[in-house]
Amino acid sequence: MDRDDHVIDPARFRQVLGHYPTGVVVITAMTSDGTAMGMTVGSFSSVSLDPMLVSFMPTAASRSFAALRTATSFCVNVLAADQEILARRFARSGASFDGVAWSLADTGAPVLEGTVASIHCTFDSVLEAGDHYVVLGAVQSLDVHRPVSPLLFFQGGYGKFSIASVDDHSPGEMIESVHLAESFRADMQDVADAVGAECSALTLVGSDLTVVSTALADGVTAQGNLGSRIPYIPPLGEMYAALDTPEAAERWLGRAPALEDEGVMERYRRRLALARERGWSMSFAGEYPDVALVDALRDYSGGDLTPVRLAEIREVIRSANRYYEHRDLVDGERYDITSIVAPVMHDRDIQFVLRLRQLPRQATPDQLTAWIDALTDAAAKASQSLANALKCR
Ligand SMILES: Cc1cc2nc3c(=O)[nH]c(=O)nc-3n(C[C@H](O)[C@H](O)[C@H](O)COP(=O)(O)O)c2cc1C
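Visitor: Can you help me understand the site of the ligand in this one?
Guide: Close to the ligand lie 17 residues, the nearest being Thr-40, Ser-43, Ser-62, Ser-64 and Ser-93. Between the ligand and Thr-40, the relevant distance is 2.7 Å, taken from an oxygen atom to a main-chain nitrogen or oxygen of the residue. Contact distances for the ligand include 2.6 Å between an oxygen atom and a side-chain N or O atom of Ser-93. Notes on the ligand: free accessible area 630 Å², of which the protein chains cover 78%.

Here you go:
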């Protein structure tokens, strides 16, 4: 580790401090002569809860701050990851608001549109701190407008937040799986046609189950795209986990969001054993959380998650658990099914799952049994098609 016992070179100060990232805000205000002013600032921070104070640090030489200071109030506009253009614009001295969407807040300060949040302040105090000021703002009101990833600044570049536990997909892995799934597309199409549903092939890419191919029966439109991702978190991916390596299945179980519920682990384990034994797994439709689940999975696939949204998504997935519980099919009853899933194997390793979705509603037990047979049959054929394709390589 380097130690700087003597005078530190300013370049070194910059270089070391450049290893720390910041968020990006634009401080806006109406100056005393009625001009809308904005200044991009990375040194914004929350300071005190009681009283509510925030701060930012303009350089003492800043002409923009000299003008902002003539206002009675200012607005802290927290930029979203897709607002880099605003950060660049307001990093120039005297930047105009021409072409920028904004409105005037009750406090008298301009509010930029499309931001994550805005915090309205009056000046509490302006303290001198070396070649900068520390401006303390007394918070008057505040709002979240878009709960999305904020814009971040690091070593001269702009970026956005990504959750460390959510993998970025490697395109290479995905492309390889898309190619392999081509070998059993005909088997997928057959079962989609026979059932009148959507049949997709999914595989693990990074730590997510990912759609790599979809076949549709006439009149059915695809619900997800190629590349749609499903978090490999119980109960999702149950069939895959049932035939995954024991270590991987334990890791899957370890992601169960409801560990606090005593019986839940045992139920997951029983269901894994059942799926392994039968070679298929099924989830029933319910009013809730299906809509929430569709929304959650769409947002998950879209990426750009905030930790709060990821926590909500995990909660929705957790509450989907009961739809995966085994039910005895009773003659005379009818059932709405969300999905039926069967494995595509190679050399006793799971490679893909085939998933039927958008199944006809109100199925009788006989229909369900026929669909399960058609799917497991297609999955067995797909395993054979895959083996042939791999042999030819
Ligand atoms: C990402 C980013 C963060 C910035 N943070 C600050 C800051 O914390 N304090 C500051 O004085 N200037 C900061 N600036 C520079 C000002 O935006 C810029 O100096 C000002 O808007 C225009 O110059 P002027 O202050 O001489 O008018 C930052 C610029 C960028 C691009």
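Visitor: Would you take a moment to explain helix α4 (residues 171-182) for this structure?
Guide: Across its 12 residues, α4 extends 17 Å between first and last C-alpha, which sits within 8% of the 16 Å expected from 1.5 Å per residue. When α4 is considered as a whole, its buried residues turn out to be Met-174, Ser-177, Leu-180 and Ala-181. All buried residues of α4 lie within an arc of 125 degrees about the axis, which places them on one face of the element. Turned more than 90 degrees away from the buried face of α4 sit Pro-171 and His-179, all of them exposed. Where α4 is buried, its residues touch α5 (185-195), β13 (198-205), β14 (208-216), β18 (349-357) and α11 (365-391).

Visitor: Help me out: how do you make sense of the environment of Leu-293 in this one?
Guide: Following the sequence through the fold, Leu-293 ends up in helix α9 (residues 290-302). Spatially, the C-alpha atoms of Leu-293 and Ser-319 are 9.2 Å apart, while their sequence positions differ by 26 residues. For Leu-293, the residues in contact, after removing those within four places along its chain, are Val-316, Ile-317 and Ala-320.

Visitor: What exactly am I supposed to notice about the environment of Met-174 here?
Guide: When you line up the elements, Met-174 lands in helix α4. Take Met-174: its relative accessible area is 14%, and that puts it in the buried class. Between the alpha carbons of Met-174 and Gln-189 there is a distance of 21 Å; along the sequence they are 15 residues apart. Residues within four places of Met-174 in sequence aside, it is in contact with Val-205, Thr-210, Val-211, Val-212, Leu-226 and Gly-227.

Visitor: Even after reading the chapter, I still don't get the side chain of Glu-238, so can you show me in this structure?
Guide: In this structure, Glu-238 sits in helix α6 (residues 238-243). Taking the relative accessible area as the measure of exposure, Glu-238 reaches 5% and is therefore buried. For Glu-238, the residues in contact, after removing those within four places along its chain, are Trp-252, Arg-271, Leu-272, Ser-281 and Tyr-324.

The rules behind each value
- Residues numbered from 1 in each chain as written.
- Predicted model: local features only at pLDDT ≥ 70, side-chain atom pairs only at ≥ 80, totals over all residues.
- Heavy atoms only, no water.
- Near = heavy atom within 4 Å.
- Polar contact = N/O pair within 3.5 Å; in protein donor to acceptor, adjacent residues only side chain to side chain.
- Areas by Shrake-Rupley, 256 points an atom, 1.4 Å probe, with all protein chains shown as cover.
- Helix = DSSP H or I, 4+ residues; strand = E, 2+ residues; numbered from the N terminus.
- Expected span 1.5 Å × (residues − 1).
- Buried < 20%, exposed > 50% of the residue type's maximum accessible area, 1.4 Å probe, protein only.
- Arc of directions from axis to C-beta.
- Contact = heavy atoms within 4.5 Å.

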